[in-house]
Amino acid sequence: QVQLVESGGGLVQAGGSLRLSCAASGLPFSIRSLGWFRQAPGKEREFVAAVNQRGAGTVYADSVKGRFTISKDNRKNMVYLQMNSLEYEDTAVYYCAATRQPFTVVPRGSPVDYDYWGQGTQVTVSS
């Protein structure tokens, strides 16, 4: 069974940092990219960042460029999202996701491109 399990969420002050982790297991070899999405109450799920399976390429939403960094550890089957200079608007449930789509389509930033999802971890930034 495919599992994506997020961890590392919590409450932080604006301007602070937090690192999210995603433990992946049971993923088929056809998975090309892993990414992070977020969803605030009453809002649509939005793309945050993605990394290709080899870890050689990354894509970021404009809202997090320069502040967030996505990375992966192939040996541990882990994906990370380092979040710095956090803002109140970053408050959301953050989801780890995996897609079989080629990395070239990742800039679309569409949730429909992703095949597997974790349960999410809450990030709350106090203003």
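None of these values were measured; they are calculated from a predicted model. (Residues numbered from 1 in each chain as written. Predicted model: local features only at pLDDT ≥ 70, side-chain atom pairs only at ≥ 80, totals over all residues. Heavy atoms only, no water.)

Some remarks on the pattern of salt bridges
Evaluated as defined, the whole model comprises 6 salt bridges. Between Arg 38 and Asp 90 there is a salt bridge whose closest N-O contact spans 2.8 Å. Here Arg 38 is found in strand 4 (residues 33-39), whereas its partner Asp 90 is found in the loop between strand 8 (78-83) and strand 9 (92-99), with 52 residues between them in sequence. Judged by relative accessible area, Asp 90 falls into the buried class, the value being 1%. (Salt bridge = Lys/Arg side-chain N within 4 Å of Asp/Glu carboxyl O. Helix = DSSP H or I, 4+ residues; strand = E, 2+ residues; numbered from the N terminus. Buried < 20%, exposed > 50% of the residue type's maximum accessible area, 1.4 Å probe, protein only.)

Focus: the packing of aromatic side chains
Counted according to the given criterion, the structure contains 5 aromatic pairs. Note on Phe 37 and Tyr 114: the rings are 4.9 Å apart at their centroids and 80° apart in plane angle, and the pair reads as edge-to-face. Highlighted residues: Phe 37 in strand 4 and Tyr 114 in the loop between strand 9 and strand 10 (116-117), separated in sequence by 77 residues. In this pair, the class of Phe 37 matches that of Tyr 114, namely buried. Summarising the aromatic geometry, the rings of Tyr 114 and Trp 117 are spaced 6.0 Å apart at their centres and angled 55° between planes, so their arrangement reads as tilted. Relative accessible area serves as the criterion here: at 7%, Tyr 114 is assigned to the buried category. Classification of Trp 117 as partly exposed rests on a relative accessible area of 26%. Cluster of aromatic residues (ring-pair linked, three or more members): Phe 37, Phe 47, Tyr 95, Tyr 114 and Trp 117. The residue whose ring lies beneath Arg 45 is Trp 117, and the NZ or CZ to ring-centre distance is 4.8 Å. (Phe/Tyr/Trp six-rings, centres within 6.5 Å; stacked < 30°, edge-to-face > 60°. Lys NZ or Arg CZ within 6 Å of the ring centre and 35° of its normal.)

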